[in-house]
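# Descriptive analysis of the structure
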Amino acid sequence: MAETAKTKKSIIPKKHSMPTQDAGERIKNFNEVALGYAVETAVTEAERCIQCKKSPCLAGCPVEVDIPAFIKLMAEKDFAGAIKKIKEKNALPAICGRVCPQESQCEMYCTLGKKHEPVAIGRLERFCADWELEHGVTLPEVASSNELKVAIVGSGPAGLTCAADLAKLGYQVTVFEALHVPGGVLMYGIPEFRLPKKVVQTEIDNVRKLGVDIQVDSVVGKLATVDELLNEGFQAVFIGTGAGLPYFMNIPGENLCGVYSANEFLTRVNLMKAYLFPEYDTPIRIGRKVAVVGGGNVAMDSARTALRLGAEESWIVYRRSKEEMPARIEEVEHAEEEGVKFAFLTSPTQIFGNEQGWVERMECLRYELGEPDESGRRRPVPISGSEYIMEVDTVVMAIGQGPNPLVPRTTTGLAVTKKGNIVADLKTGATSKSGVYAGGDIVTGAATVILAMGAGRVAANAIHQYLTAKNT
Amino acid sequence: MFKILEKKVLSPVIKQMEIEAPRVAKNCQAGQFVILRLHEKGERIPLTIADFDRNKGAITIVFQEVGKSTIELGKMEAGNQILDFVGPLGLPSHIENFGNVICIGGGVGIAPVFPIARALTNIGNNVTGIIGARTKELLFWEEKMRAVCGELMVTTDDGSYVRKGFVTDVMKEIIEDKGKDNIALILAIGPQPMMRVVCNVTREYGIKTIVSLNSLMVDGTGMCGCCRVKVGGQTKFVCVDGPEFDGHLVDFAELAKRSAIYLEKEKEAHNYHKCKCGGAS
């Protein structure tokens, strides 16, 4: 390696590791696990970027952040310039830097990654965003108002991105949020220890400062329908209502006390702050032994939350093997470090309760992997007669979420799929209804924060084109 | 913020409040509910709408002080502000001209029955109202109900007012008197055991019975599934599929168990806050 004479200095083969709270300590609190790079680490990590000509990383970013440019500025210690560069494309960098699956996006394409570990793009993005939060935020330029009103339904990552982009273009944007705080899944779903709610609210305040009006406690479909919004002077509507419908397995015993949907479990803890009960009013009941069914990020979040709430054992029960788990590797590693246990190739068939209706145990069936299915992952096949009993007193179902039906059901002329997702052109977000756009999980089914943001960006551009054409 | 316009003390533990919420008042229908949150640390409290005034832009709620949050709400006065007030949630009551209808309100359930009885009467039904409470002190809205029912029967469990007996006793008498085939629909709202008994009786007569369920909830928009209940063997979400269901299909035993999930926690919260505010409450 020393012979690669032309490089000015030898390449550091590995990413700088992220400082974290010690696992034994952090399961006793809800504070953020990943602590962020120090200045020197950030600069030397930025220097790992070889500024290659092709910049393949760009293709891996759903919101098209100019990655090499911001990293170059970081290497020059121009953090203000770097965050400005990021924010040209990304309205929520402190969030993306924390929860984006960079390993399957930008970092997957990194040239350095062919021989070594890729540049830690996500960690660098987070550093810049945190640096700005600490040093004072400079707002991007906002075009003068064009007096055109656009309504955004849902204030999750899709809605916020769409709102910020349209506001920058001069639109009067109103965001309607059903819950009492904006942020959607960023507030109710992703735990404090992975995404501090203060960070989310600061990012949302920055969106507000662009002139976006966010109305909480406003359930579109109940308070006013999308049709009514269009009749009340909104020229276009963007629907980003997310995957707010929990799936259950439809197995016996699922309505026993102590069985939660992951949505309920996480909402109680994150949004309602049940971990601070009784100072906060919303309670949660956590047992000694918790089983979380599922293998995605939501399942990891639930299992790690259970430990922090005081569970003695927290199990992930997943019907495929570790390789097929959809959760981010980093999240799985964090869960393992914290002592979460894994029952792979296992799925519950029945939950049993005591006389008062509380969960006592769960019957599980073992699986083996067969041929790949349509998702390309090997299909789990049940092993007959392999039933066994798992003693648990809390079960969290984290097997996915469907589209919340409130808005689709109350909007006329809006085409939806069999599963209830809104049909929208992925290149524009346009739906079957004129002036109505949609994006994020309500269209794609449960996916990632950054894909929802990408969809919000795409729709904002399309809405801008539509309204420009309509009003000239 | 949502202003409390008026407060009435209906009994030492039952309070009535009119809340300024013009958008909710404009859009709500009988049978729907609201969720309110008192302050930053507060829980989301679901309450069925007891009355609404579209011109004034106000919603009336009636609640019984049963835990930390409702006791706290009960201490608030006209002019105070509630942090969050969201609605209208859930599906409206199905209102059509059925013919002879019995509307039953038990205890604090008298309040949500009122707007439904009014809507049923307005569309041409012959509504017989039955309201009951454990004792005279807990009975309210007699005149208000009388005004929207063709006839109104009143009963108290202990006989301290009008007559002694449960609402189901009165209901049975009316069914026997009018004949079961002459009653198209029964609507019952009240404590779960009352609704369960009503349904057990009407099932034998074969009279369709609607109940409004008050299960535990968090978001109230179908997002969490906390409120799930088995109806006809299928799991339904009270917040978006209800709150009204065919009472003969509701699994009341499961509902009762799920409703008791946080009883201990509620006591804990109550005691914690009682200690903190020097024993007042």
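Definitions and limits used
Residues numbered from 1 in each chain as written. Chains lettered and ligands numbered in written order. Predicted model: local features only at pLDDT ≥ 70, side-chain atom pairs only at ≥ 80, totals over all residues. Heavy atoms only, no water. Pairing = 2+ DSSP bridges. Helix = DSSP H or I, 4+ residues; strand = E, 2+ residues; numbered from the N terminus. Contact = heavy atoms within 4.5 Å. Axes fitted to C-alpha atoms, helices over the stretch in contact; angles between N-to-C directions. Buried area = accessible area lost by both parts, 1.4 Å probe. Salt bridge = Lys/Arg side-chain N within 4 Å of Asp/Glu carboxyl O. Polar contact = N/O pair within 3.5 Å; in protein donor to acceptor, adjacent residues only side chain to side chain. Buried < 20%, exposed > 50% of the residue type's maximum accessible area, 1.4 Å probe, protein only. pLDDT = per-residue confidence, 0-100. Expected span 1.5 Å × (residues − 1). Phe/Tyr/Trp six-rings, centres within 6.5 Å; stacked < 30°, edge-to-face > 60°. Lys NZ or Arg CZ within 6 Å of the ring centre and 35° of its normal.

A regular strand carries its side chains on alternate faces of the sheet. Alignment of strand β10 (residues 126–133) of chain B against strand β11 (residues 151–156) of chain B, held across six bridges, turns out to be parallel. Looking at β11(B), one finds that B:A133 is bridged to B:T156.

Below, the discussion takes up the environment of B:G242. Residues and elements named next belong to chain B. Relative to the elements of secondary structure, G242 occurs in the loop between α7 (238–241) and β16 (244–246). With 28 residues separating them in the primary sequence, G242 and N214 have C-alpha atoms 9.8 Å apart. Apart from residues lying up to four places away in sequence, G242 is in contact with G90, L91 and F237.

This part is about the sheet that holds β11(B). Residue and element names in this part refer to chain B. In space, the six strands of this open sheet follow the order β11-β10-β9-β12-β13-β16, with mixed pairing throughout. The sheet is open, and its two edges are formed by β11 and β16, each paired on a single side. Across the sheet, the mean angle from the axis of one strand to that of its neighbour is 20 degrees, orientation sign disregarded. Against the sheet, helix α5 (residues 167–178) engages β9 (100–106), β10, β11 and β12 (185–189), with an angle of about 155 degrees to β10.

Once that is clear, we can look at the interface of chain A and chain B. The interface of chain A with chain B comprises 45 residues on the first partner and 49 residues on the second. For the chain A face of the interface with chain B, the top three residues by lost area are A:K222, A:N255 and A:D281, together amounting to 19%. Between the two partners, chain A and chain B, sit two salt bridges. For A:E279, the salt bridge is made with B:K41, and the minimal N-O distance between the two is 2.6 Å. Linking chain A with chain B are 22 residue pairs in polar contact (both at pLDDT 80 or more), by the criterion used here. In terms of residue count, helix α12 (residues 262–271) of chain A provides more of the side of chain A that touches chain B than any other element does, four residues in total.

Moving on: unusual backbone geometry. A:F277 connects to A:P278 through a cis peptide bond whose omega is 5 degrees. For A:P278, the position within the fold is in the loop between α12 and β7 (289–293). The linkage connecting B:G87 with the following residue, B:P88, adopts the cis geometry, with an omega of -5 degrees. As for its position among the elements, B:P88 is in strand β8 (residues 84–89). Here the phi dihedral of A:E147 falls at roughly 70 degrees; this positive angle occurs in a residue that is not glycine. By the secondary structure assignment, A:E147 is in the loop between α7 (121–135) and β1 (149–153). In the Ramachandran plot, B:V162 falls in the positive-phi region, its phi being about 60 degrees despite a non-glycine side chain. Within the fold, B:V162 resides in the loop between β11 and α5. Since its relative accessible area comes to 58%, B:V162 is described here as exposed.

Before going further, it helps to spend a moment on the sheet that holds strand β4 (residues 45–48) of chain B. Residue and element names in this part refer to chain B. What the three strands build is an open sheet, ordered β4-β3-β8; its pairing is antiparallel. Of all strands in the sheet, those with a lone pairing partner are β4 and β8, marking the two edges. Between one strand and the next, the sheet's axes are offset by a mean angle of 25 degrees, whatever the strand orientation. Here four bridges tie strand β3 (residues 33–37) to β8, and the two strands are oriented antiparallel to one another. If you follow F33 over to β8, its bridge partner there is L89.

Here the focus is the confidence of the model for chain A. Note that predicted coordinates carrying low pLDDT should not be read in detail. Predicted confidence across chain A gives a mean pLDDT of 93, with 98% of residues reaching 70 or more. Across residues 1–6 of chain A the pLDDT falls below 50, and counting only partners more than four positions away or on other chains, this stretch makes one contact in the model.

So, on to the pattern of salt bridges. Overall, the coordinates contain 47 salt bridges over all chains when judged by the stated rule. Residue A:D373 pairs with A:R320 through a salt bridge whose shortest N-O separation is 3.3 Å. Residue A:D373 is found in the loop between β11 (359–372) and β12 (378–382), and its partner A:R320 is found in the loop between β8 (313–317) and α14 (329–338); the two are separated by 53 residues along the sequence. Across the pair, A:R320 and A:D373 agree in class, each one buried. Between B:E18 and B:K56 there is a salt bridge whose closest N-O contact spans 2.6 Å. Here B:E18, found in strand β2 (residues 14–20), pairs with B:K56, found in the loop between β5 (51–53) and β6 (58–64); they are 38 residues apart in sequence, far enough to count as distant. By sharing partners, the salt bridges in this structure join A:R26, A:R194, A:D301, A:R304, A:R308, A:E331, A:E337 and A:E338 into a single network.

Turning our eyes to something else, we now look at helix α8 (residues 157–168) of chain A. One full turn of an α-helix is made of 3.6 residues, so residues set three or four places apart face in the same direction. Residue and element names in this part refer to chain A. Compared with an ideal rise of 1.5 Å per residue, which puts twelve residues at 16 Å, α8 spans 17 Å between its outermost C-alpha atoms and is within 8% of the ideal. The set of residues buried in α8 consists of P157, A158, G159, L160, T161, C162, A163, A164, D165, L166, A167 and K168. One or two positions beyond α8, positive phi appears at G170, with a value near 100 degrees.

Moving on to the side chain of A:N421. Residues and elements named next belong to chain A. Looking at the secondary structure, you find N421 in the loop between α15 (406–410) and β16 (436–438). Within the local environment of N421, its side chain forms a polar contact with the backbone oxygen of D441, the two atoms lying 3.4 Å apart. Only 3.1 Å separates the side chain of N421 from the backbone oxygen of I442, close enough to count as a polar contact. Setting aside residues up to four positions removed in sequence, N421 forms contacts with P403, A415, V416, D441, I442, V443, T444 and G445.

Among the eight residues in helix α2 (residues 68–75) of chain B, six count as buried, and that is most of the element. Of all the positions in α2(B), only B:K68, B:S69, B:T70, B:I71, B:L73 and B:G74 are classed as buried.

Residue and element names in this part refer to chain A. Considering all chains together, one arrives at twelve aromatic pairs over all chains under this definition. Three or more aromatic residues link up through ring pairs in this structure, and these residues are F30, F193 and Y275. Above the ring of Y388, the side-chain terminus of R366 is found at 4.0 Å from the ring centroid.

Let's shift gears to the environment of B:I261. If you trace the backbone, B:I261 turns up in the loop between α8 (252–259) and α9 (263–276). Classification of B:I261 by relative accessible area gives buried; the value is 7%. The sequence separation of B:I261 and B:L216 amounts to 45 residues, and the corresponding C-alpha distance is 8.8 Å. Those residues in contact with B:I261 that lie beyond four places of it in its chain are A:C257, A:R285, A:W358 and B:L216.

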